[in-house]
Amino acid sequence: MKKELLVSMFAAFCMLFATNVCAQEKATGDEYKDLKKQEKVLDKEIQKKAIKAARKEAKKLAKEGFRTPVGKLPLDKQLENAWEKQAELTTDGNPYWYIASSRAVGGNQSSAALQATNAAKIDLAGQIQTKVSQLIEAKVANDDMGQEEAASLSSVVASSKSVISATLGRTIPLVEVYRTLENKNVEVMVTLGYSAQAANEAAIGAIRKELAAKSEELAKELDKLGY
């Protein structure tokens with residue numbers, strides 16, 4: 001009985017192994033890239049250059065009087081982290097993160113930080129809109145979609161910045177520094193990061209919802225593109 005169980009387990013293992021090998025053989029070329037697209041890589045040489053540039057920037061900001069809020073990482077470490085994020089790529093060579101920076105001046109640190117953060121989020125939304133537009137336009141060019149439908153779809157995407165901005169979830173704060181100006185106002189600089197893969201998926205989902213509100217047929221055309 002025990003021997004039969006072992007034989008059965010071995011047979012199941014062989015079948016699973018064969019299935020995996022078969023899947024790997026099929027996952028070649030573009031299919032393999034699609035499977036790997038969520039993985040990130042960091043070029044060591046680019047990382048070294050990023051750290052060097054970050055440290056140079058940290059010295060410059062320190063001379064300008066910028067400091068880090070209580071509880072935040074030291075200025076140079078924050079910048080190194082942000083620059084390293086910018087150097088991270090997917091295995092097909094696309095940026096792994098959307099990165100946006102902004103400065104704002106307010107009567108106090110909290111209000112300035114809020115303004116800078118909101119401005120950075122708007123910048124992120126613009127970057128996402130541009131990338132998603134490129135993705136959809138490339139798909140449309142390879143699809144047999146009618147000219148009128150393609151134009152309508154492109155029009156909705158082109159005006160989707162506010163829609164995309166509303167989909168932004170938890171952005172990752174990479175840098176937050178501040179300085180007190182001579183007039184006692186406070187200037188804050190922030191840098192935010194957002195996963196490109198998550199942002200693109202959320203943006204396309206929001207655009208589909210927007211399309212469905214106008215025309216379910218247009219929404220179906222977007223679905224046909226494979227998103």
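Definitions and cut-offs
- Residues numbered from 1 in each chain as written.
- Predicted model: local features only at pLDDT ≥ 70, side-chain atom pairs only at ≥ 80, totals over all residues.
- Heavy atoms only, no water.
- Phe/Tyr/Trp six-rings, centres within 6.5 Å; stacked < 30°, edge-to-face > 60°.
- Buried < 20%, exposed > 50% of the residue type's maximum accessible area, 1.4 Å probe, protein only.
- Axes fitted to C-alpha atoms, helices over the stretch in contact; angles between N-to-C directions.
- Helix = DSSP H or I, 4+ residues; strand = E, 2+ residues; numbered from the N terminus.
- Left-handed = near helix turned anticlockwise from the far one by under 90°.
- Contact = heavy atoms within 4.5 Å.
- Nonpolar A, V, L, I, M, F, W, Y, C, P; charged D, E, K, R; others polar.
- Salt bridge = Lys/Arg side-chain N within 4 Å of Asp/Glu carboxyl O.

Notes on the packing of aromatic side chains
Each pair of aromatic rings is reported with the distance of its centres and the angle of its planes.
Thinking step 1. Scanning all chains against the criterion turns up one aromatic pair.
Thinking step 2. Centre to centre, the rings of Y96 and W97 are 5.5 Å apart; their planes meet at 70°, and the pair counts as edge-to-face.
Thinking step 3. Classification of Y96 by relative accessible area gives buried; the value is 18%.
Thinking step 4. Accessibility expressed as a relative area gives 13% for W97, which makes it buried.

Re the packing of helix α3 (residues 44-63) against helix α4 (residues 75-87)
Thinking step 1. Across the interface, α3 lies against α4 with an axial gap of 8 Å and an inter-helix angle of 145°. At the point where α3 passes α4, the crossing takes the right-handed sense. From α3, I46, Q47, A50, I51, A53, A54, R55, E57, A58, L61 and A62 reach across to α4, where they touch L75, D76, L79, E80, W83, E84 and A87.
Thinking step 2. Here the residues of the contact of α3 with α4 sort into twelve nonpolar, one polar and five charged.

Considering the pattern of salt bridges
Thinking step 1. One pass over the structure, following the stated rule, counts six salt bridges.
Thinking step 2. The shortest N-O distance in the salt bridge between E187 and R103 comes to 3.5 Å. Here the residue E187 occupies a position in strand β5 (residues 186-195), and R103 occupies one in strand β3 (residues 97-106), the gap between them amounting to 84 residues.
Thinking step 3. By relative accessible area, which is 9% here, E187 ends up buried.
Thinking step 4. For R103, a relative accessible area of 36% gives the class partly exposed.
Thinking step 5. Within this structure, K60, E64, R103, R179 and E187 form a network of salt bridges that share partners.

Description of unusual backbone geometry
Thinking step 1. In this structure, K184 takes a positive phi of about 80° despite not being glycine.
Thinking step 2. Inspection of the secondary structure puts K184 in the loop between β4 (172-180) and β5.
Thinking step 3. The exposure class assigned to K184 is exposed, which follows from its relative accessible area of 65%.

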